[in-house]
Amino acid sequence: MKIGVAVYSNCVGLTPPELGRAVEERGFESLFWTEHTHIPVRSRRPSGGSTRGYADTVDPFVALAAIAAVTTTLTLGTAVCLVAQRDPIITAKEVASLDQVCGGRFQFGVGAGWNRMEMANHGTDPRTRMALLADRVRAMREIWTADEAEYHGEFVDFDPIWSWPKPAQKPHPPVLVGGNGPNTEDRVLDFGDAWLPQVDMMDVGELARRATALRARAADAGRGPVPITLFGAIPEGGPMPEPGRLDAYAEAGADRSLFTLQYGSADEALSTLDEWATLIRR
């Protein structure tokens with residue numbers, strides 16, 4: 001089981017490079033960054049809670065590029081990039097550029113988002129966000145792999161274009177499809193390479209059933225095993241997992257667990273990472 005860190009929001013006290021060095025020095029395999037471009041003041045979580053903290057999220061491509069410059073082994077990723085709120089041609093350029101800068105260490109976690117007001121401010125219709133996400137990722141895959149990329153879809157449409165650099169990884173960085181909904185596995189098999197569910201939205205039994213079914217479907221389609229990364233294996237501000245929990249995730253089919261980090265000072269961040277690092281050494 002690979003163990004990584006996912007930076008949530010409202011984190012102060014460490015710059016991205018300082019955090020990246022701290023994560024790598026403690027032996028974590030990866031560091032994933034979340035994304036929100038902004039937060040509408042009137043928006044609320046489905047639970048009714050405030051969304052203010054999400055507004056502090058640093059742009060993931062800026063943060064990860066800075067981290068790439070001061071690390072050598074750390075896998076870097078987005079968890080998730082809100083592709084339904086982004087121009088696909090620009091985002092394809094950012095992904096390819098970052099993968100070149102970090103020497104092929106990038107993993108592209110994608111999602112459609114949950115904040116409908118945020119989407120609307122980008123001109124995205126929440127009712128069609130999943131189809132929009134799929135169309136944009138398919139278009140980006142063409143840009144990454146073709147010298148003269150051309151795409152004609154429902155939402156994305158362009159005649160042949162030139163766009164370099166191409167990603168360091170071939171054919172491109174893995175696309176991790178975020179989500180827990182009943183159709184998520186369909187999207188993984190349609191335009192993704194891996195699955196990125198939130199573990200706090202399912203129990204170990206459900207994870208095992210869905211992982212087994214997903215990999216069986218992939219095998220039937222002639223594909224290899226589908227990697228699974230769990231977001232929130234230690235949730236934001238949550239306690240250390242009870243003994244055997246990470247082993248249970250691994251037995252259920254997970255390949256990587258991400259611990260979500262939110263902190264208000266450098267000391268708090270570093271002490272949390274020190275505590276979590278004990279799980280790596282077990």
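In case you missed it, the structure is sitting above this.
Treat the numbers as computed from the prediction; the structure is a model and nothing was measured.

**Looking at the packing of aromatic side chains**
And then number 1: Tallying each qualifying case throughout the model produces eight aromatic pairs.
And then number 2: Taking 6.0 Å as the distance between ring centres and 40 degrees as the angle between the ring planes, the aromatic pair formed by F106 and F108 counts as tilted. Residue F106 shares its accessibility class with F108, and that shared class is buried.
And then number 3: The rings of Y8, Y54, W114 and F231 are connected pair by pair, giving a single aromatic cluster.
And then number 4: Just above the ring of W114 sits the side chain of R45; from NZ or CZ to the centre is 4.3 Å.
And then number 5: The ring of W164 carries the charged tip of K166 above its face, separated from the ring centre by 4.8 Å.

**Quick word on the environment of T78**
And then number 1: Looking at the secondary structure, you find T78 in strand β3 (residues 75-82).
And then number 2: Assessed through its relative accessible area of 0%, T78 is described here as buried.
And then number 3: Taking the C-alpha atoms as reference points, T78 and V110, 32 residues apart in sequence, are found 7.2 Å from one another.
And then number 4: Here the side chain of T78 touches G109 through a polar contact of 2.8 Å, landing on its backbone oxygen.

**Some details on the side chain of R187**
And then number 1: Among the structural elements, R187 can be located in helix α6 (residues 184-191).
And then number 2: No salt bridge is formed by the buried R187; its nearest oppositely charged neighbour, D186, is found at 6.9 Å.
And then number 3: Filtering out sequence-adjacent residues up to four positions away, R187 remains in contact with M130, V177 and G192.

**A few points about helix α2 (residues 60-68)**
And then number 1: Taken residue by residue, α2 has P60, F61, A63, L64, I67 and A68 as its buried positions. All buried residues of α2 lie within an arc of 160 degrees about the axis, which places them on one face of the element.
And then number 2: Against α1 (16-25), β2 (30-33), β3, α3 (88-101) and β4 (106-111) lie the buried residues of α2.
And then number 3: Near the N-terminus of α2, the side chain that reaches the backbone nitrogen of F61, with its oxygen 3.0 Å away, is that of D59.

**Some remarks on the nonpolar core**
Considering soluble globular proteins, one finds that nonpolar side chains tend to be buried as a cluster.
And then number 1: In terms of nonpolar packing, the biggest core is built from 71 residues, with L19, F28, F108, V110, F259 and L273 touching the most fellow members.
And then number 2: In terms of residues, this core owes the most to one element, helix α5 (residues 129-145), which gives eight residues.
And then number 3: In this structure, F28 is in contact with I3, G4, V5, V23, L74, F259, L273, W276, A277 and I280, ignoring residues within four places of it in sequence.
And then number 4: In this structure, A79, V80, L82 and L196 belong to the second largest nonpolar core, which totals 13 residues.

Each value, and the rule that gives it
Residues numbered from 1 in each chain as written. Predicted model: local features only at pLDDT ≥ 70, side-chain atom pairs only at ≥ 80, totals over all residues. Heavy atoms only, no water. Phe/Tyr/Trp six-rings, centres within 6.5 Å; stacked < 30°, edge-to-face > 60°. Buried < 20%, exposed > 50% of the residue type's maximum accessible area, 1.4 Å probe, protein only. Lys NZ or Arg CZ within 6 Å of the ring centre and 35° of its normal. Helix = DSSP H or I, 4+ residues; strand = E, 2+ residues; numbered from the N terminus. Polar contact = N/O pair within 3.5 Å; in protein donor to acceptor, adjacent residues only side chain to side chain. Lys, Arg positive; Asp, Glu negative; His and termini not counted. Salt bridge = Lys/Arg side-chain N within 4 Å of Asp/Glu carboxyl O. Contact = heavy atoms within 4.5 Å. Arc of directions from axis to C-beta. Core = buried A, V, L, I, M, F, W, Y, C linked by side-chain atoms within 4.5 Å.

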